[in-house]
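# A look at the structure
These are the residues of each chain, in order.
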Amino acid sequence: DMCGALLEATNIDDSSVVFQHWFNISIGVSSSLEWVDASQSPETLTPGQPLSLQFSIVNTGSEEESLGFTIDGDDDFIFTNAVPTSSVDVGRGNSTTFSVDIDLPTDTNLVGQQNLTIEVTSWTSWYSENLSLIIDVNEVPAITLLGPNDNRIVVGVDSTTLVNFSAENIGASNLSLN
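Everything quoted here is computed from the prediction, not taken from an experiment.

Another point: the sheet that holds strand 4 (residues 43-45). Ordered by their spatial adjacency, 5 strands build an open sheet running 4-11-10-6-8, and the pairing between neighbours is mixed. Edge positions in the sheet fall to strand 4 and strand 8 (88-90), since each has one partner strand and no second. Averaged over all adjacent pairs, the angle separating strand axes in this sheet is 35°, with direction ignored. One ladder, built from 6 bridges, connects strand 6 (residues 65-72) with strand 10 (residues 112-122); its direction is antiparallel. Along strand 10, the bridge assignment pairs Ile71 with Ile118.

Quick look at the structure:
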């Protein structure tokens, strides 16, 4: 926006001497958002045990912003209590806080450090800010064991019985069975 201001100075000894100057003032709009990350990075996640994180975003710009949020990460990640699914209005100088629960299935192949990105975008100005997170995924030992169809093993007196078992490692770590 543009506006003007007129500065007028009058000589105090001679009021007929007047000086006038017109100033054009340009008023701009500033869009700025700032993440306030309340969590440590990297965060440790054990699959099957959800990790709850909380974040805040501050509108440091000059105008109210209508904000939308997205999370980007591997498809195995499960997000519940996720970032707001509709836009959130945040006035200048104000903030909004949200939580997200992150989990992985116990049979995931993801182990070690994984990257997640939370993006906030203003639907008002199209300004966006990203928050990058590192999630350290623990290995999970898990096994399925299949035995006889009727789940019974009968060993007679003074005899030996041969039983077949099938073991499948469905976890995310190597297993040593004894």
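So, on to the packing of aromatic side chains. A complete count under the given rule lists 7 aromatic pairs for this structure. Ring centres 6.4 Å apart and planes at 65° place the aromatic pair Trp35 and Phe69 in the edge-to-face group. Here Trp35 is found in strand 3 (residues 33-37), whereas its partner Phe69 is found in strand 6, with 34 residues between them in sequence. Look at Trp35 and you get buried, because its relative accessible area is 13%.

Scoring rules and cut-offs
Residues numbered from 1 in each chain as written. Predicted model: local features only at pLDDT ≥ 70, side-chain atom pairs only at ≥ 80, totals over all residues. Heavy atoms only, no water. Pairing = 2+ DSSP bridges. Helix = DSSP H or I, 4+ residues; strand = E, 2+ residues; numbered from the N terminus. Axes fitted to C-alpha atoms, helices over the stretch in contact; angles between N-to-C directions. Phe/Tyr/Trp six-rings, centres within 6.5 Å; stacked < 30°, edge-to-face > 60°. Buried < 20%, exposed > 50% of the residue type's maximum accessible area, 1.4 Å probe, protein only.

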